[in-house]
Amino acid sequence: MEELKRAVAKEALKFIEDDMIVGLGTGSTTAYFIEYLGKLIMEEELEDVYGVPTSYQSRMLAIENGVPVLGLDEVDAIDIAVDGADEVDPQLNLIKGRGAALTMEKIIEYRAGTFLVLVDESKLVESLGQKMPVPIEVIPAAWRAIAEEIEVFNATAELRMASKKDGPVVTDNGNFILDARFHRIEDPLDLEIELNNIPGVVENGIFADIADIVLVGTKEGVKRLER
Ligand SMILES: O=C(CO)[C@H](O)[C@H](O)COP(=O)(O)O
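Calculation notes
- Residues numbered from 1 in each chain as written.
- Predicted model: local features only at pLDDT ≥ 70, side-chain atom pairs only at ≥ 80, totals over all residues.
- UniProt positions renumbered as here; feature names shortened; annotations may be inferred.
- Buried ≥ 20, exposed ≤ 12 C-beta atoms within 10 Å, placed from the backbone.
- Near = placed C-beta within 6 Å.
- Nonpolar A, V, L, I, M, F, W, Y, C, P; charged D, E, K, R; others polar.
- Pairing = 2+ DSSP bridges.
- Helix = DSSP H or I, 4+ residues; strand = E, 2+ residues; numbered from the N terminus.

Observations concerning the UniProt feature "active site" (unreviewed entry) in the chain
Mapped onto the present numbering, the UniProt feature "active site" (unreviewed entry) falls at Glu105. Given 31 C-beta atoms within a 10 Å radius, Glu105 is considered buried.

Right, dumping it as structure tokens:
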């Protein structure tokens, strides 16, 4: 599995050119990409490339690996964003947010000229929600009310608990995460919009219609899917 992640991360470097502003995703696959990107920058094979991190994790990795970073408010545009995903359906709709970084990921990836997704083949599903719950970032005081409201969608929502801290996971933005399991997600775009309409919801992990290219690591090599 790590080999497949490394292979897609290497392939993603082919999309990066001098003078690009690159959105840096979060997670284990993107971590390889940031490492390799830093190597090219340090070896001066790429010039004037800047990363815009989507999380503390990607910011720390970028700094550690020699990728200069800028905040979203310091750039005019993002040429390309590179990130992993938890599920990818045949229309290239995604579920993201296992790493609880979905809000900044969506803000940056929505704005990118190209959104490039890196996954291994285990992430491909027939329909979203097949394996993974949909993470929903919520204002802490509203978590219980929203968890109850989610039931209207024929779903159950669970507050994500931390493993190295007592109590719930707190996101980089200071919010909580609900993991919602839906019986069936018929229309990802519709559900994405409806969830965001609930007061107290900051953002949800359905990324419908925004991925441009998905690189899939398989045992037979890296495959490219395009919308
Ligand atoms: O959405 C994410 C973090 O919020 C990650 O991109 C997603 O969970 C994939 O991670 P990995 O590459 O480690 O499987």
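A closer look at the site of the ligand
Surrounding the ligand, one finds 17 residues, the nearest of these being Gly27, Ser28, Thr29, Gly84 and Gly99. Taken together, the residues of the shell around the ligand break down into four nonpolar, eight polar and five charged.

Quick word on the sheet that holds strand β5 (residues 94-95)
The three strands are arranged β4-β5-β11 in an open sheet whose pairing can be described as antiparallel. This sheet does not close on itself; its edge strands, each paired only once, are β4 (87-88) and β11 (206-207). In this sheet, β11 lies alongside β5 in antiparallel orientation, the contact comprising two bridges. Looking across to β11, one finds that Ile95 is bridged to Ile206.

Some details on unusual backbone geometry
At Asn154, a position not held by glycine, the phi torsion is positive, near 60°. For Asn154, a count of 10 C-beta atoms within 10 Å puts it in the exposed group. Not every positive phi belongs to a glycine, and Asp209 is a case in point at roughly 65°. Tracing the chain through its elements places Asp209 in the loop between β11 and β12 (213-218).

Let's talk about the environment of Lys14
On the secondary structure map, Lys14 appears in the loop between α1 (2-12) and β1 (21-24). Linking Lys14 and Ile213, residues 199 residues apart in sequence, is a C-alpha distance of 13 Å.

Notes on the pairing of strand β13 (residues 221-226)
Taken across its six residues, β13 has zero buried, putting it largely on the surface. As judged from the six bridges shared by β12 and β13, these two strands associate in the antiparallel manner. Looking at β13, one finds that Thr218 is bridged to Gly221. Taking the residues between adjacent antiparallel strands as the criterion, β12 and β13 are bridged by two residues.

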